[in-house]
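Breakdown of the fold
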Amino acid sequence: MKIKGTCRHCGREFLVEQTLQNGGKCPWDGKPFQADYAVVLVDSLRDAEAAGNTLENALEKIADIKPEFVLDPESVIGQIREYLERLERAHGGS
Ligand SMILES: [Zn+2]
C-alpha cells in the first residue's frame, strides 16, 4: 500500500515510504513531522503500510475465490476513515 500524505509545513505531497527512510521528516523541507514522537510515528507509519498490504492482499484473495457472501464496506474501512478524518481535522505542530 502506497500511503500518501501532505506536509502541513510546505504543503507538498510525499509518500510514507519516503519519510520512513529519513526518520519521520518531510522529504522536501526536512522538518520533523512529529519531533517529540518521531520513533512512534515512524513505527506506526511502517505498521500502517504493512497492515494495509496484508489487508489488501487478503481482500483480493477473498474476492478472487468468489464466496457466497458480500462484505459490508463500512465494517472494513469505517473506523479507518474516522481516524484519517480525525488526522485531517487536527492542527499540526505544537
Ligand atoms: Zn514539508
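Rules used throughout
Residues numbered from 1 in each chain as written. Predicted model: local features only at pLDDT ≥ 70, side-chain atom pairs only at ≥ 80, totals over all residues. Heavy atoms only, no water. Helix = DSSP H or I, 4+ residues; strand = E, 2+ residues; numbered from the N terminus. Rg over C-alpha atoms; globule rule 2.2 N^0.38 Å. Buried < 20%, exposed > 50% of the residue type's maximum accessible area, 1.4 Å probe, protein only. Phe/Tyr/Trp six-rings, centres within 6.5 Å; stacked < 30°, edge-to-face > 60°. Salt bridge = Lys/Arg side-chain N within 4 Å of Asp/Glu carboxyl O. Expected span 1.5 Å × (residues − 1). Bend = angle between axes of the 7 residues up to and from the residue. Polar contact = N/O pair within 3.5 Å; in protein donor to acceptor, adjacent residues only side chain to side chain. Donors = N, O, S within 2.8 Å, 3.2 Å for Na, K, Ca; no water. Tetrahedral: all angles 85-135°; square planar, octahedral: opposite > 155°, others 65-115°.

**Overview of the overall build of the chain**
Scanning the chain from terminus to terminus reveals three helices and two strands. The helix and strand sequence of the chain, counted from the amino end, reads β-β-α-α-α. Radius of gyration (C-alpha) of the chain: 16 Å, far over the 12 Å computed for a compact globule of 94 residues. Its C-alpha atoms give the chain principal-axis dimensions of roughly 50 × 25 × 20 Å. Taking all 94 residues of the chain together, 12% fall into the buried category.

**Focus: the packing of aromatic side chains**
Taken as a whole, this structure holds one aromatic pair when the rule is applied. Both rings, one in Phe 14 and one in Phe 33, keep their centres 4.7 Å apart while their planes meet at 25°; by these two values the pair is stacked. Within this pair, whereas Phe 14 is found in strand β2 (residues 13-15), its partner Phe 33 is found in the loop between α1 (16-21) and α2 (38-64), the two being separated by 19 residues in sequence. With relative accessibility at 26%, the residue Phe 33 sits in the partly exposed group.

**A look at the pattern of salt bridges**
A full pass over the atoms with the stated rule returns three salt bridges. A salt bridge links Lys 2 to Glu 17; its shortest N-O distance comes to 2.5 Å. Taken together, the positions of Lys 2 in the segment before β1 (4-6) and Glu 17 in helix α1 put the pair 15 residues apart, joining distant regions of the chain. Residue classification places Lys 2 among the exposed positions, given a relative accessible area of 59%. Between Arg 46 and Asp 43 there is a salt bridge, with its nearest N and O atoms 3.5 Å apart.

**A look at helix α3 (residues 73-89)**
Under the 1.5 Å per step criterion, the end-to-end length of α3 is 23 Å for 17 residues, consistent within 8% with the ideal 24 Å. Its maximal kink placed at Gln 79, α3 deviates by approximately 25°. Where α3 begins, the side chain of Asp 72 points an oxygen toward the backbone nitrogen of Glu 74, at a separation of 3.1 Å.

**Digging into the coordination of the zinc ion**
Distances from the zinc ion to its protein donors, namely Cys 7 (SG), Cys 10 (SG), Cys 26 (SG) and Asp 29 (OD), fall within the range 2.2 to 2.4 Å. For the zinc ion, the four donor atoms in the first shell make angles of 97 to 118° at the metal, a pattern classed as tetrahedral. For the zinc ion, the donor residues sit on a single chain with the sequence spacing C-x2-C-x15-C-x2-D. Of this pair, Cys 7 sits in the loop between β1 and β2 while Asp 29 sits in the loop between α1 and α2, placing them 22 residues apart in sequence. On the basis of relative accessibility, which here comes to 30%, the residue Asp 29 falls in the partly exposed class.

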